[in-house]
Amino acid sequence: MISSTLQSGECMNHSMEIKIYYEDTDCGNVVYYANYLRYMERARTEYMAARGSAVKSMMEQGSLFMIIRAEVDYRSFVRYGDTLLVETWVSDTTGATITFQHVMKEKTSGRLITECKAVAVCVDSKGKPKRIPREALEKLR
């Protein structure tokens, strides 16, 4: 289950919930570490859509985003049945890159689970870096 809202404020965070299913966990009944990268991807996609720069429309206009760096600091864990609250925002932009920050917390307790960062580069359909279209950049900042 995914739900999301755009919160108005100084840096325009995007908030999204992710319910943890059995398929998300490992043999220790905690979320498998690599799944947090999937949750980051979902959160970035929803952030972009909420800001009016949906990934699909960007692709149709010849702009794709590739992750060139991802960092995850694991602070705690969640288990099957828990719900994550994922906060996403853009912390930096250049002509061709966007840096997304993510903080994941357990919804009920507010316990910090991960602090994450991903740097995406804008590329054309052949994978060649290009400038982020001005209109998209203004919406995502």
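Notes on the structure in this doc start here. The residue numbering used here restarts from 1 in each chain and proceeds along that chain's sequence as written. Residue-level local features of this predicted model are given only where pLDDT is at least 70; pairs of side-chain atoms are given and counted only at 80 or more, and the full residue set underlies all totals for whole chains, interfaces and linings. Here the side-chain values reflect all heavy atoms present in the structure, with hydrogen atoms and water set aside.

1. Some remarks on the environment of Asp92
Put simply, DSSP H or I for four residues or longer makes a helix, DSSP E for two residues or longer makes a strand, and each gets a number counted from the N terminus. Summarising the element assignment, Asp92 is placed in strand β4 (residues 83–93). Classification of Asp92 by relative accessible area gives partly exposed; the value is 42%. Remark: the alpha-carbon pair of Asp92 and Arg141, spanning 49 residues in sequence, is separated by 7.9 Å. Any two residues whose heavy atoms approach within 4.5 Å at even a single point are treated as in contact. Discounting chain neighbours no more than four positions away, the residues touching Asp92 are Thr97, Ile98 and Thr99. For every residue, the accessible area (1.4 Å probe, protein chains only) is compared with the maximum for its type, and the residue is labelled buried under 20%, exposed over 50%, or partly exposed between those bounds.

2. Side note on the pairing of strand β2 (residues 14–19)
For β2, the buried fraction is high: five of the six residues fall into the buried class. Direction of pairing for β2 relative to β4: antiparallel, over a ladder of six bridges. In the strand pairing of β4, Ser15 is matched with Glu87. Strand pairing follows a simple DSSP-based rule, namely that at least 2 bridges must link the two strands.

3. Description of the pairing of β4
Sheet topology note: the β4/strand β5 (residues 97–106) ladder contains nine bridges and is antiparallel. If you follow Glu87 over to β5, its bridge partner there is Val103. The turn joining β4 and β5, which pair antiparallel and follow one another in sequence, is formed by three residues.

4. Describing the nonpolar core
Counting 16 residues, the largest nonpolar core has Ile18, Ile20, Tyr36, Tyr39, Val78, Leu84 and Met104 as its most contacted members. Contributing elements (two or more residues each) for this core: β2, α1 (35–50), β4 and β6 (112–123). Broken down by element, this core gets its largest block of residues, four residues, from α1. Those residues in contact with Tyr39, other than ones at most four positions away along the chain, are Ile18, Ile20, Asp24, Val31, Leu84 and Met104. If you look at the next biggest cluster of nonpolar residues, it comprises 12 residues, including Tyr47, Val90, Ile98 and Phe100. The set of buried Ala, Val, Leu, Ile, Met, Phe, Trp, Tyr and Cys residues whose side-chain atoms join them within 4.5 Å is what this entry labels a nonpolar core.

Take it as geometry only, folks, not as evidence of what the structure does.
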